[in-house]
Structures are given as C-alpha cells and as structure tokens.
Amino acid sequence: MKQSLDQIFVFFNSCVYNRSWKVNYSVRPPKLIEEDGLTDLMCLEGALYASYLFTNAKINNILVGIHRIDDQEEECGHCICVFDVDGKFGAISVSYIHGMDSIGPIYDSLEDVVLHFAKAYINVGYRPTFYGVFQGEVFSEALGFDWTNTRNDLSGISEYIISNYQYEFA
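Procedures and definitions
- Residues numbered from 1 in each chain as written.
- Predicted model: local features only at pLDDT ≥ 70, side-chain atom pairs only at ≥ 80, totals over all residues.
- Heavy atoms only, no water.
- Pairing = 2+ DSSP bridges.
- Helix = DSSP H or I, 4+ residues; strand = E, 2+ residues; numbered from the N terminus.
- Axes fitted to C-alpha atoms, helices over the stretch in contact; angles between N-to-C directions.
- Parallel < 35°, antiparallel > 145°, perpendicular 65-115°, else oblique.
- Left-handed = near helix turned anticlockwise from the far one by under 90°.
- Contact = heavy atoms within 4.5 Å.
- Buried < 20%, exposed > 50% of the residue type's maximum accessible area, 1.4 Å probe, protein only.
- Arc of directions from axis to C-beta.

K.L.:
Help me get a handle on the sheet that holds strand β8 (residues 167-168), residues and values and all.
P.N.:
As a general point, the strands of a sheet are linked pairwise by backbone hydrogen bonds and lie either parallel or antiparallel. Taken together, the 6 strands give an open sheet; going across it, the order is β6-β5-β4-β3-β7-β8, and neighbouring strands pair in antiparallel fashion. The open sheet has two edge strands, β6 (103-107) and β8, and neither has a second partner. Bridge count for strand β7 (residues 127-134) against β8 is 2 bridges, and the pairing is antiparallel. When the bridges of β8 are listed, F130 appears paired with E168.

K.L.:
Describe the packing of helix α1 (residues 5-13) against helix α3 (residues 43-56), naming the residues involved and giving the relevant values.
P.N.:
Each pair of packed helices can be summarised by the angle the axes make with each other and by the distance between the axes. Where α1 contacts α3, the two axes come as close as 11 Å, and the packing angle between them is 160°. In terms of axis orientation, α1 runs roughly antiparallel to α3. The chirality of how α1 crosses α3 is right-handed. Counted together, L5, I8, F11 and F12 of α1 and G46, Y49, A50, L53 and F54 of α3 form the full contact between these two elements.

K.L.:
If you had to explain α1 to someone new, which residues and values would you point to?
P.N.:
Within the span of α1, buried status applies to L5, I8, F9, F11 and F12. Around the axis of α1, the buried residues are gathered within 160° of arc, so they sit on the same side. Pointing more than 90 degrees away from the buried face of α1 are the exposed residues D6, V10 and N13.

Okay, here's the thing in structure tokens:
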C-alpha cells in the first residue's frame, strides 16, 4: 500500500510501544504488521515497517541503530528509520522514552538526526555508546531472505545491527 508522509506519521503517532519483547524476543515483519493491522510495535518493528512504507512511497530512507547504557548499567539499543524529503531529514521512532518520538523533516543531515536521539538519551540519564547506519538491503543479505516480503521472525536483524555498529559516540 502506498502512503504519503502525512499518512505514515498519523499511523506511527497512533502506535503504542510494545514491551513484550523483553519476555519473548521476536521481531514481527512489515508484512505481518500490515496484514494483521498491528499498532503495538517495538522500536525495530516500527523502524522496519517505516522503511517498508517509505520505500513503497518512494521516500529515501535509511535505518539507524543506536546503542546505549541506561542508569542501571543495562545495555540496550534503539532503532529508527531516518528519511529525507527535499534535503531535510526526519525520523520515525517508536519508543516509551521521553524525547525519542518521531520527528518531521527538520534537520539538515542524517548526523543531526542521530545527535537529536543521542541528546534525548542523555536527557533521561542514558549514555549513548555506538550507532550504525544501514540500508534495508543489507538485512535481506544477512538473513538470506527478503525481510520486506515474509511472515518470518526478523530477530536476526537485531543481531546484525549489534554486530555492525560503525560509529562510537565521544
């Protein structure tokens, strides 16, 4: 289904963060989210689904994984889908953390978007450590199947992101 940027934002603003991944980790694919009309998503599911929708709408996008350590020294990651409209960058983000909400295309670069989310982590007492930038195609290569056209669990994408961060926050 082809949707506009406004329709994509409306959808993600109606989503609820799904915390069930902490008990039974799995990543539901875009096809399942779309066919089952799911609106309870964890961050990676939201980022992948946003990338899927943006690609179908012919909107340039890239996925960004950001690793952090929280105030209890627990390590975790967050994934966003950064998009580019007329040279301005925004992001879709599904999160329960204040300040980690989706943002419209207001930034001049991908790096500015990443810094926005790093600062949001800092503002809640978390320490951002690493991040990586990924084209969706690399996930299909890593999994050995097309992640955009399956009902299979996509947990392998999380493992791929964690193993392939390219940058460290100073």
